[in-house]
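An overview of the molecular structure
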Amino acid sequence: MTKLRIFALLLALVPALGSASSGGDLQVSGTDLSDKASLQSGAGLFMNYCSGCHSLAMVRYSRLAEDLDLDPALVEQYLIRGDAKIGENIVTGIPAAQGEAWFGKAAPDLSLIARAKAGGADWVYTYLKSFYVDESRPIGWNNKLFPNVSMPNVLWELQGIQRPVYEGHGSEQHVARLELASPGRLDGREFDKAARDISAFLEYVAEPAGIKRTSTGVWVVLFLAFFTFLAYLLKLEYWRDVH
Ligand code: HEC
């Protein structure tokens, strides 16, 4: 019985390893930094859909290649925009002033965004899924999580177009939920995965050491569990003759 209980206790420790983060209205992204395929796909999506406006000035392409197990030659061929070299940092081609002129606001550097927002990757994930058409906005888009945002829904071709369903009247009126008005190239599950991969990638970028820490964490707990077990056996051995 005691043995069983100890075993149950050890098992109970394991889920505590996963990151437990989700704020009130945020959707759970389910990012997994040990999933290299997800991070690679996120990097590809980011370079395609985001790097036109956003920099990741704290990260070098070469670091990306190393951490995400990508062939540097392929990074140069497919991920690098413009004529940057693999040793350079990931910076957008748009000068801040131009971004401001186009969108009313410069697109901020996203190196630390997944740490800056409460909810981390879940915030980014929810944000990417919360765009809807709004003809009253200069850019034609709005965002349920980030009202009156000046970023367009750059993933609309993948996601499709969402329309708001309002609740309440007059000044009480607010967006209750979003409805898919016309489908995109991806279905709901596929788009969730794309949003999750981008969020995971930005979570990694905000703390590149996190990749190694996650995998070390598992070993630390296994190590502790193993020695708890040894200590238990030792205790049995010591107390055997006492009774
Ligand atoms: C066409 C330019 C453009 C593209 C492409 C773009 N963004 Fe943005 N983004 C912006 C602008 C401008 C803002 C500032 C919005 C504001 O503050 O109102 C912004 C804001 C953000 C924010 C919030 C930043 C903060 O500090 O609150 C996140 C997160 C973000 N973008 C992620 C992305 C991701 C991920 C992609 C790719 C899927 C992307 N963006 C593509 C222009 C862009």
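So, here's what we can say about the structure. In this text, all values refer to a predicted model and were calculated from it rather than measured experimentally.

Let us now look at a nonpolar patch on the surface. A surface patch of nonpolar side chains, about 830 Å² in accessible area, is lined by Val220, Phe223, Leu224, Phe226, Phe227, Phe229, Leu230, Leu233 and Leu236. Inspection of the secondary structure assignment puts Phe229 in helix α10 (residues 209–239). A relative accessible area of 43% places Phe229 in the partly exposed class.

Think of it this way: four donors in a tetrahedron around the metal ideally sit 109.5 degrees apart, and six in an octahedron ideally sit 90 or 180 degrees apart. Of the protein atoms, only His54 (NE2) and Met151 (SD) coordinate the iron atom of the ligand, at distances of 1.9 to 2.1 Å. Here the iron atom of the ligand is ringed by six donor atoms whose angles at the metal span 88 to 179°, and the overall shape comes out octahedral. Here Met151 lies in the loop between β4 (141–143) and α8 (156–159) and His54 lies in the loop between α2 (36–49) and β1 (56–60), a separation of 97 residues in the sequence.

This paragraph deals with the nonpolar core. Residues Phe46, Leu56, Leu64, Leu68, Phe201, Leu202 and Tyr204 are the most contacted members of the largest nonpolar core, which totals 43 residues. Among the secondary structure elements, those contributing two or more residues to this core are α2, β1, α3 (61–67), α4 (72–79), α7 (121–128), β3 (131–133) and α9 (188–206). Ranked by residues supplied to this core, first place goes to α9 with nine residues. Look past the residues within four positions of Leu56 in its chain and what remains in contact with it is Phe46, Ile90, Asp109, Leu110, Ser111, Phe201, Leu202 and Val205.

This paragraph deals with the pairing of strand β5 (residues 160–167). When a strand is regular, its side chains alternate between the sheet's two faces. Note: β5 against strand β6 (residues 174–183), eight bridges, orientation antiparallel. Bridging across to β6, Tyr166 finds its partner in Val175. Once β5 ends, the chain turns through six residues before running back antiparallel as β6, passing Gly168 with a positive phi of about 85°.

Parameters and conventions
Residues numbered from 1 in each chain as written. Predicted model: local features only at pLDDT ≥ 70, side-chain atom pairs only at ≥ 80, totals over all residues. Heavy atoms only, no water. Patch = residues over 30% accessible without salt bridge, like charges linked within 9 Å, V, L, I, M, F, W, Y side chains within 5 Å. Areas by Shrake-Rupley, 256 points an atom, 1.4 Å probe, with all protein chains shown as cover. Salt bridge = Lys/Arg side-chain N within 4 Å of Asp/Glu carboxyl O. Helix = DSSP H or I, 4+ residues; strand = E, 2+ residues; numbered from the N terminus. Buried < 20%, exposed > 50% of the residue type's maximum accessible area, 1.4 Å probe, protein only. Donors = N, O, S within 2.8 Å, 3.2 Å for Na, K, Ca; no water. Tetrahedral: all angles 85-135°; square planar, octahedral: opposite > 155°, others 65-115°. Core = buried A, V, L, I, M, F, W, Y, C linked by side-chain atoms within 4.5 Å. Contact = heavy atoms within 4.5 Å. Pairing = 2+ DSSP bridges.

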